[in-house]
Each structure stands twice: as C-alpha cells, then as structure tokens.
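Listed here are the chains, written in short residue letters.
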Amino acid sequence: MAENTSFYTVASPSPSEWDVPEYRMTFLSLIIFLESAAGIVGNVAVLLIVVCFRDMHTLINLSFANLAVSDLCVFFLDAIPTALDVIGCNISSKLGCRIPYYMQWVTGQVTCLTLAFLSYDRYRVVVRPFNSLRHRSSRQVWMLLLAMWSVSFIIQAPMIYVGSPNERGLCQEYAPKHGVRFFFSAETVSLFLVPLAIMCFCHYHIWRTLVNSRRVPSQRGCFSSSVDSSVLTLNRKLWRQRKRGIRVVTAAVLTFALCCAPIHSVHLWYAYSGNRIQEHDIFYVQIHTVANAIMYFSNFMNPYIYAFLGKGFRRHTKDIVRCFSLRQQLMGYSIGKKDASTWL
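As the structure is a prediction and not an experimental result, all values here were calculated from the model.

Structural notes on the overall build of the chain
On a plain count of helices and strands, the chain comes out with twelve helices and two strands. Ordering the α and β elements of the chain from the N terminus gives α-α-α-α-α-α-α-α-β-β-α-α-α-α. Across the 344 residues in the chain, those meeting the buried criterion constitute 47%. Relative to all contacts within the chain whose residues are 6 or more apart in sequence, the contacts with residues 24 or more apart total 83%. Surface accessibility of the chain: about 18,000 Å² in total, with carbon and sulfur atoms responsible for 67%.

Below, the structure is given as structure tokens:
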C-alpha cells in the first residue's frame, strides 16, 4: 500500500523540524520523482496498447490495464505528494487529509486485488482450463473490474475517519489515541498477507501442473504416430504460451512481495514499539521514506515487466513508437510545406 511520508501515524513535521540533512531528503525526493515519471510513462503506454489494439482486449490484458489505472492513481495521489512533502511543501495537508489519504489506500487495495486476480486467472487457465472458458466473457470482465474498485472503496472506508490533520495542520495516518496496533495489523493483512497468500497458492499449483505435464509426451503407445505428433505439437505450443503468461505474472508478484514488505514492516514496527519511536525520530523518518521509495518501485516496474516479458505488449510498443514517429514526420512535412508556400 502506498503511504505518504507525511501521513504516518505520528504527525510528520517539516524537514527542518526533523533535523535531517537536507541533501538526503532531496535525494530521496528525486528518486521518487524519477520513479513517478517513468511509471507514468509506462502505465500510460499499457493503457494505450490495450485500448488501441483489438487483439489486446483479453481478460488478462484488461486486468493489466486496470492495474495501470491504479498505479497511475498511486503516482498522482501518493508518490508525487510524498516527494513534495519530503522537501517541505506539505502539499498533502493543503489538499486536505481525509479524501486524498482515503484514495491512496483505495488504489493500493485495487493494486493488490488485481495482482491476486491475475494469479488466480493463470491458475484457472492452467489447472482448470475447461472451467475457465465459461467465465471469460467481456461482460464478466467488466463486472469483475467494477467489483474490485467497489470492494476497495468499502474495505478502506474507515480511513476517512481515522486520518486527519493534527494541531499544526499536518496530516497524520492514525489520529485516534487507541487501536494503532489493530489498525496497522488489519491493513497489513488486507493489503499484503492475504493477496500474497492467494498468489503463492495459485503459483504453487501452477508449478505442480506444469511439472506433471512433462510426463504426458512419454505415453506414445496410446496414439497413432500422426495423431500423436500433432497432439504433442499442439501441447508444446499451448504450454509455451501459458508459461510465457505465467512468467509475466510471477515477475509482477515477486516485485510486489519484495517491494511492499518493507513499508508494512516499518508500520508494524512503529505500531508495536510503544512509545519508543517519537515524532522527531530521525532514523524512523528516513527509514519510512526509503520504504516508500522501495514500494513505488513496484508500481514503476509493473508496466515494464509486461513490455519485456509479454510478447503482445512488446510487439505493440514498437507499433506505437512507429506511429508517433510517422506522425511527427508528417507534421514536419506539413509545416515545411506551409513555410515554403509563404515564399511563393
């Protein structure tokens, strides 16, 4: 889940109050800005590819587009405000704490649900291929995506009430005096442990199915040579396609697990530390900001994982680049022609 540095449980003061070396916070802010810029470019490219090319209108690609939308929301609602808050702009408090903060948690929940669904979809296709064919219509896909957002808005509804500005006007993640342990434990379960458990369960069974499928080609005595050869060729092609999709989803899941674990660990560390972590704890401020930067790396990497590992995305990325380059050439030609006509 993407949290703003100015939103953690103890109200976050400005960098001058932290007494943190300015160059360190500036460096972290620069990293977050670079991650946001690269992530915005990549996720916009994913949306363009899925929307513009009809052959990309599949269930898994629409899920990738949904993930791109949630990642873009994370960058605009969380990462960029965090980078500005780190250097002392306090943009989060100027925008109001409750609704922006609520939307941060909602988009984080959508990201987790989408990644969990991508793993479950690969599980159905590989482990239960015939059952999966009955639940892949366009209408069902859109209903599923709508359900993800609706559930996320409902689950994170309490965030409207627990997040608020403190007496200095700075946003704080958890305003009530009691229940901080339950709050961060529940968020860790819903935003990290449950999605990760679903992903691990699905990929374990996918791996077992793929391993067992290797034994099928050895049973050649049951078929004629021509039928056996065609069936084996079809099976090999089918499994290669499935493995390619599994590699994409697995890479995204591993990135999610490795990048999101630090921020949840930092929150649990604060929640269960009692009063040992204070508002002006320099070490905590820096660790929390670093954990945020690591978490944003997951949102930044998602579209590039698809571009490098997904054959369809890789092919259509080249088409989009050619389209833009051709458009620039045509615009340059028309401008040059217009300039030439002025001399006539």
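Regarding the state of the cysteines
Scanning the model with the defined rule gives zero disulfides in all. Of the cysteine sulfurs around Cys-112, a residue in no disulfide, the closest is that of Cys-260, at 6.2 Å. The class of Cys-112 is buried, set by a relative accessible area of 2%.

Some points on the nonpolar core
In this structure, Leu-115, Met-159, Phe-183, Phe-256 and Phe-313 are the most contacted members of the largest nonpolar core, which totals 63 residues. Among residues more than four places away in sequence, those in contact with Leu-115 are Leu-67, Met-199, Ala-252 and Phe-256. Counting residues in hydrophobic clusters, the runner-up holds six residues, among them Val-126, Cys-202, Leu-210 and Ile-246.

Quick look at the packing of helix 2 (residues 22-52) against helix 3 (residues 59-86)
Where helix 2 meets helix 3, the axes come as close as 9 Å, and the angle between the chain directions of the two elements is 155 degrees. Here helix 2 is positioned roughly antiparallel relative to helix 3, judged by the angle of their axes. Seen along the crossing, helix 2 lies across helix 3 with a hand that is left-handed. Each residue belonging to the contact of helix 2 with helix 3 can be placed in one class, and the counts come to 21 nonpolar, six polar and two charged.

A look at the pattern of salt bridges
Taken as a whole and judged by the stated rule, the model has three salt bridges. The partner of Arg-315 in a salt bridge is Asp-55, and the shortest N-O contact between them spans 3.1 Å. One end of the pair, Arg-315, is in helix 12 (residues 311-342); the other, Asp-55, is in the loop between helix 2 and helix 3, with 260 residues separating them in the sequence. What makes Arg-315 partly exposed here is its relative accessible area of 39%. The class of Asp-55 is partly exposed, set by a relative accessible area of 43%. The closest approach of N and O atoms between Asp-121 and Arg-122, which form a salt bridge, is 2.9 Å. Here Asp-121 matches Arg-122 in class, with each residue buried.

Details of the UniProt feature "transmembrane region" (unreviewed entry) in the chain
Following the UniProt record, one finds the feature "transmembrane region" (unreviewed entry) at residues 27-52, 59-81, 101-120, 141-162, 182-206, 246-270 and 282-309. As a span, residues 27-52 carries 100% helix and 0% strand, and end to end its C-alpha atoms are 38 Å apart. With 100% helix and 0% strand, residues 246-270 has its two end C-alpha atoms placed 36 Å apart.

What about the environment of Val-253?
Structurally, Val-253 is set in helix 10 (residues 225-271). Separated by 141 residues in sequence, Val-253 and Cys-112 have C-alpha atoms that sit 9.6 Å apart. Not counting residues up to four positions away in its chain, the partners in contact with Val-253 are Ser-119, Met-199 and His-203.

The rules behind each value
Residues numbered from 1 in each chain as written. Predicted model: local features only at pLDDT ≥ 70, side-chain atom pairs only at ≥ 80, totals over all residues. Heavy atoms only, no water. Helix = DSSP H or I, 4+ residues; strand = E, 2+ residues; numbered from the N terminus. Buried < 20%, exposed > 50% of the residue type's maximum accessible area, 1.4 Å probe, protein only. Contact = heavy atoms within 4.5 Å. Areas by Shrake-Rupley, 256 points an atom, 1.4 Å probe, with all protein chains shown as cover. Disulfide = S-S within 2.5 Å. Core = buried A, V, L, I, M, F, W, Y, C linked by side-chain atoms within 4.5 Å. Axes fitted to C-alpha atoms, helices over the stretch in contact; angles between N-to-C directions. Parallel < 35°, antiparallel > 145°, perpendicular 65-115°, else oblique. Left-handed = near helix turned anticlockwise from the far one by under 90°. Nonpolar A, V, L, I, M, F, W, Y, C, P; charged D, E, K, R; others polar. Salt bridge = Lys/Arg side-chain N within 4 Å of Asp/Glu carboxyl O. UniProt positions renumbered as here; feature names shortened; annotations may be inferred.

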